[in-house]
Structures are given as C-alpha cells and as structure tokens.
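Architecture at a glance
What follows is the residue order along each chain.
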Amino acid sequence: MPHLPPSARPVHNCVHHLSVMANESFENEGGTGSRNSRNTNFTSSVDLSTSLDSSVQTRIFKIIVIGDSNVGKTCLTFRFTGGSFPEKTEATIGVDFREKAVEIEGEKIKVQVWDTAGQERFRKSMVEHYYRNVHAVVFVYDVTKMASFQNLKTWIQECNGHRVSPTVPRVLVGNKCDLVSHIQVPSNTALKFADAHNMLLFETSAKDPKESQNVDSIFMCLACRLKAQKSLLYRDVEREDGRVRLSQETDVNKSNCPC
Ligand SMILES: Nc1nc2c(ncn2[C@@H]2O[C@H](COP(=O)(O)OP(=O)(O)OP(=O)(O)O)[C@@H](O)[C@H]2O)c(=O)[nH]1
Ligand SMILES: [Mg+2]
C-alpha cells in the first residue's frame, strides 16, 4: 500500500453538488474561474499565461471518477474529500462535485473530484462535460462483481472516444476489498489489465477505515503526477514566450509522488 510523503498532506476540504458543469483549472482570491459555465459563482475566465502571472492563484486539477453504478464511486470520493464513509448513498444523478485542497511540495493545489453517475439514464446528457478539460481519470470496479470489471473496456472506450489525451494519467481502482469472502476479481487478473492499459492498480475499500490512507493515495498520486507534468508545461511556456521564470526544474522522476 503506498504511503503519502509528508509533503503531500491534505489541508482542507469542501463539497459542492453541481447541476451544471465548471471546467477551468485555476482559482484566485476572488473565487474559482470557469469557462462555459452557467453557474454565476464561476464567472471569470483566464488562460494559462494569465494564471501564471499571479502567485496567489491556486491551481485546480480536475479528476473524474467513472465506472458501473454501485461500485462505490461516491463512497470513494466521499472518503477522500470528507474523510469518512457515508452511511447511506443514492445513485448519483449527473455529477457530484467535491474538492479538497492539498499541499504538495509547498504548493497549495485544489483537487476537484467529479463523482459521475454510473447509470446510463442519469449520465447521458452530461458525458461531454465530464471529459472536457479533464486532467486525470479514475476507473472504478467492484472486486466482488466480475461484470463491473468486464465493463471497464466500455468505460475506457468511452473515455478514448471523447479525445482524452493519452498523456492524461489514468488509474484503476478495485473497491470493496473489505468483502473478502465475496471477491470475484483476482488481483493478478486486475494487474494484467492495468498493465495492458498503462494504469496503476489500487485495490482498496472506501468502507474500511484502515484503508483510508490508501484511498487518499489514489488521488494524491494523480495530483503529484499532474503537478510534475504541469511544471514541465510551465518550462515549455517559458521557452516559448520568455515570460515565465522558474527557479527550479521539476519532472516526474524528481517529484516525491506517493506511487
Ligand atoms: N462493503 C462495501 N460497500 C461499499 C464500499 N463502497 C461502497 N459500498 C456500498 O456500495 C453501494 C454503492 O455505493 P456508491 O458509492 O453509491 O456507488 P456509485 O458507484 O457511486 O453508484 P452510482 O452513483 O449509481 O454510479 C452503497 O450501498 C455503499 O454503501 C466498500 O468499500 N465496501
Ligand atoms: Mg454515485
């Protein structure tokens, strides 16, 4: 089980439920900004170069969680952002939007988790929004339900069909490992599948409190990777227009990503 480095610690969390989508990736002291959003709380709009101009802006990483209905997507996102297992959940309609502020290597980052609906009838009108400007994808299956593992192919196809770049990190999560005597998906089968699709595999339980650090690791691992990737992007911007100066280079190998 991966452990979090001291520099990748959660510092704050909050939860929003959205009926419309916000899809930009920055926040400053005046509030979160968004393009193409009908939510009046999300009004400003900046591009990458603007977001680099101010040191008070907080970067936001958009991570979507997808998979069959009932696999535990809501419970996993709740565990990460709220630190507990919800007593009762209902099928997600559209998307629930949660976020948590974390600090990675001295930078405060907002991890914005999009908890999507697994049921087709609750998701079909929203699918385009899920994938727009996504930074990372979490595919979830239920280790006690083979069908949810077999359906991953369909979820991956959908993701690819929405032009999600191959450079967008993806992880695979087998949930409900606490139900030991009901496990249907062997670890080695899941591992082969994850390897074949260039994903890390996490087997965990949103329910078991002893697994909470492992659940955190799923999202922190992605956040660390994204932070490293974005640092590379910043260097590219610097080369192109000469406006951005970074005092040190960061790359994936030098970061202290928990995975
Ligand atoms: N035993 C066990 N039950 C879990 C776990 N995670 C979720 N559940 C249960 O599984 C059921 C479905 O969980 P949800 O998180 O609502 O599932 P979902 O994937 O969000 O479902 P949709 O919103 O319909 O897509 C609920 O009854 C949860 O209590 C887990 O780790 N262990
Ligand atoms: Mg749900």
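Overview of the structure. (Residues numbered from 1 in each chain as written. Chains lettered and ligands numbered in written order. Predicted model: local features only at pLDDT ≥ 70, side-chain atom pairs only at ≥ 80, totals over all residues. Heavy atoms only, no water.)

1. Structural notes on the overall build of the protein
Heads up, the condition is: Strands are runs of DSSP state E lasting at least two residues, helices are runs of H or I lasting at least four, and both sets are numbered from the N terminus onward. Exposure categories follow from relative accessible area, calculated using a 1.4 Å probe and restricted to protein chains: below 20% of the type maximum is buried, above 50% is exposed, and the middle band is partly exposed. Whether two residues are in contact is decided by their heavy atoms, any of which lying within 4.5 Å being enough. Each accessible area value is a Shrake-Rupley result obtained with a 1.4 Å probe; residue values ignore everything except the protein chains displayed when judging cover.
Summing up its helical and strand segments, the protein has eight helices and nine strands in all. A buried classification covers 51% of the 259 residues belonging to the protein. Put simply, of all contacts in the protein between residues at least 6 apart along the chain, 71% involve residues at least 24 apart. For the protein, the accessible area works out to roughly 12,800 Å², and carbon and sulfur atoms hold 48% of it.

2. Some details on the pattern of salt bridges
Stated formally: Should a side-chain nitrogen of Lys or Arg be within 4 Å of a carboxyl oxygen of Asp or Glu, the pair is scored as a salt bridge.
One pass over the structure, following the stated rule, counts nine salt bridges. A salt bridge links Lys 227 to Glu 107; its shortest N-O distance comes to 3.1 Å. Within this pair, whereas Lys 227 is found in helix H8 (residues 212-241), its partner Glu 107 is found in strand E6 (residues 107-116), the two being separated by 120 residues in sequence. Between Lys 210 and Asp 208 there is a salt bridge, with the nearest N and O atoms lying 3.7 Å from each other. For Asp 208, a relative accessible area of 19% corresponds to the buried category. Through salt bridges that share partners, Arg 59, Glu 107 and Lys 227 make up one connected network.

3. Details of the site of ligand 1
Inclusion rule: Nearness of a residue to a molecule or strand requires only that one of the residue's heavy atoms be within 4 Å of it. Contacts described as polar in this section are N or O atom pairs within 3.5 Å, which, within protein, must combine one atom able to donate a hydrogen with one able to accept it, while residues neighboring in sequence count only if both atoms come from side chains. Gly falls in the polar group here, along with every residue not listed as nonpolar (Ala, Val, Leu, Ile, Met, Phe, Trp, Tyr, Cys, Pro) or charged (Asp, Glu, Lys, Arg).
As a structural note, the neighbourhood of ligand 1 is formed by 21 residues, with Ser 69, Lys 73, Thr 92, Gly 118 and Asp 178 the closest of them. At 2.7 Å from a nitrogen atom of ligand 1 is found a side-chain nitrogen or oxygen belonging to Asp 178. A distance of 3.2 Å is found between an oxygen atom of ligand 1 and a backbone nitrogen or oxygen belonging to Lys 207. Taking 660 Å² as the accessible area of ligand 1 by itself, protein coverage stands at 87%. Considering every element that reaches the shell around ligand 1, the biggest residue donor is helix H2 (residues 73-82), with three residues. The residue makeup of the shell around ligand 1, split by class, is seven nonpolar, nine polar and five charged.

4. A look at the environment of Ser 125
The residue Ser 125 is located in the loop between helix H3 (120-123) and helix H4 (127-131) in this model. C-alpha separation for the pair Ser 125 and Met 146, spaced 21 residues apart in sequence, amounts to 27 Å.

5. Overview of the pairing of strand E5 (residues 95-104)
Moving residue by residue along a regular strand, the side chains alternate between the two faces of the sheet. Selection rule: Any two strands are treated as partners once DSSP identifies two or more bridges connecting them.
Counted residue by residue, E5 has ten buried out of ten residues, so it is predominantly covered. Relative to E6, E5 runs antiparallel, the two being bridged by ten bridges. From the neighbouring strand, Glu 99 faces E6, where its bridge partner is Gln 112.

6. Examining the coordination of the magnesium ion (ligand 2)
Short version of the rule: Donor atoms are limited to N, O and S found within 2.8 Å of the metal ion, a distance that becomes 3.2 Å for Na, K and Ca. With water left out, some sites might look partial.
The protein atoms that coordinate the magnesium ion (ligand 2) are Thr 74 (OG1) and Thr 92 (OG1), at distances of 2.0 Å. Here the residue Thr 74 occupies a position in helix H2, and Thr 92 occupies one in the loop between H2 and E5, the gap between them amounting to 18 residues. Across this residue pair, the class does not change: Thr 74 and Thr 92 are buried.

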